[in-house]
Amino acid sequence: MSDYGLIIKNDSGEIQIDSTYRNLSLDQSGTSESISNDNTSGGAYTRIAITPSPLVPIVLIRPNTDRFVCVRNYYKSGSNFTGVDIVTERSQSTGIDWQSYRENRTASGDDYGLLVYNSSGDLCFDSGKNYFRIVSITESIILDDPPVGYANGDYQDVTHTGISDPYYILTPSSYWLRGEYNPAPPSITSFALWMIGIKKLSSTSVRVGWFCFGSYGIGGDVHENAGNNPTMKLLVCNP
Amino acid sequence: MSDYGLQIRDSSGNITLDTTDVITRFRYSNEVAAGASSSTTLSDISGLNSVEISVGLETDWNKASHLVARSGTTISWTAQSGTRYSSANSLIFSFLYT
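Procedures and definitions
- Residues numbered from 1 in each chain as written.
- Chains lettered and ligands numbered in written order.
- Predicted model: local features only at pLDDT ≥ 70, side-chain atom pairs only at ≥ 80, totals over all residues.
- Heavy atoms only, no water.
- Pairing = 2+ DSSP bridges.
- Helix = DSSP H or I, 4+ residues; strand = E, 2+ residues; numbered from the N terminus.
- Axes fitted to C-alpha atoms, helices over the stretch in contact; angles between N-to-C directions.
- Contact = heavy atoms within 4.5 Å.
- Buried area = accessible area lost by both parts, 1.4 Å probe.
- Salt bridge = Lys/Arg side-chain N within 4 Å of Asp/Glu carboxyl O.

Some words on the sheet that holds strand β4 (residues 38–41) of chain B
Sheet strands line up and pair through hydrogen bonds in the backbone, either parallel or antiparallel.
Residue and element names in this part refer to chain B.
Piece 1. Taken together, the 3 strands give an open sheet; going across it, the order is β4-β8-β7, and neighbouring strands pair in antiparallel fashion. At either margin of the open sheet sits one strand with a lone partner, and together these are β4 and β7 (67–71). The average undirected angle you get between the axes of adjacent strands in this sheet is 15°.
Piece 2. Strand direction decides the pairing type here: β7 and strand β8 (residues 74–78), joined by 5 bridges, are antiparallel. In the sheet register, Leu67 faces β8, and the bridge partner there is Thr78.

See below:
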């Protein structure tokens, strides 16, 4: 960290602005965005277009009560991030609200307030921008591995009484592939693809759990039951 | 209310940043190749809290993005693959919130 410039801390002593690293401000958002899954490798996700930029987007999601969702991929065109792929349960659809935050891509244009630049001339903070606040972090969400079949798997519910209808960040990413062989004709192995996502329970609670985002069959016994089932972290964010 | 710190209001007088708020700063990103596992040390994040995220950069549903974790000032990423799924090119990034 530089030994000059500006550091602003909150009243817990935590750095808010440091004139070295750039704050993440609201870049784009969408409401009631339709997310669909046709249970094919190319159509299991819905791509949300974002403004092309090499600046990494941080995507916050506000899920609905009907389906699990999660961020699956980012999409790039050349050096620019141009899309975010969201998945929901296989052969289902839902609607979500989302927000994308980035390092300040452009200044707000306000002719008053505070602008903070770093020594490279990059805009670190602009008082005319909107910054999401972290309200709480649930650190240790540990789930059992996904079950046989396609019904939603193990879950943990998180309550956040201090804020209604927040946005969420779920990390790290998860993935599981489970194939069960049925020797009875036509003797196929049925695969289920899984991720850990979030589903709204109420304005002050959300469910973190495994959901099946795809399935397919392959002839013969090629069963597998493997993947990554990490300890998950859920951030509750106030936009 | 604190008697120090920064409070920002918009032109309508609404507080947009308060002295209790926890906001974020972008710290690190790296596009890592499928199958590659490695780490980096960021000495300046000592004592600061951060969130690490990994997302895939490929759409094939039989590909898994890297696992990412922080230990001390080291951020590490580990490729994930199995018999019937493979590692994806991934984006690893980290932001600070203290």
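That shown, we press on.
Quick notes on the interface of chain A and chain B
When the parts of a complex come together, some accessible area is lost, and that lost area is often used as the size of the interface.
Piece 1. Every contact between the two is made by 62 residues of chain A and, on the other side, 53 residues of chain B.
Piece 2. Taken over both partners, the interface formed by chain A and chain B buries close to 4,800 Å², and the fraction arising from carbon and sulfur atoms is 58%.
Piece 3. Interface area lost by chain A to chain B is led by Asp11, Gln16 and Tyr21 of chain A, which between them contribute 13%.
Piece 4. At the boundary of chain A with chain B, the tally comes to 3 salt bridges.
Piece 5. Residues Glu31 of chain B and Lys76 of chain A are paired through a salt bridge, measuring 2.3 Å at the closest nitrogen-oxygen approach.

Details of the pairing of strand β10 (residues 123–126) of chain A
Residue and element names in this part refer to chain A.
Piece 1. Both strand β9 (residues 115–117) and β10 contribute to a ladder of 3 bridges, which runs antiparallel. Bridge assignment links Leu115 to a residue of β10, and that residue is Asp126.
Piece 2. Taking the residues between adjacent antiparallel strands as the criterion, β9 and β10 are bridged by 5 residues, where Gly121 takes a positive phi near 85°.

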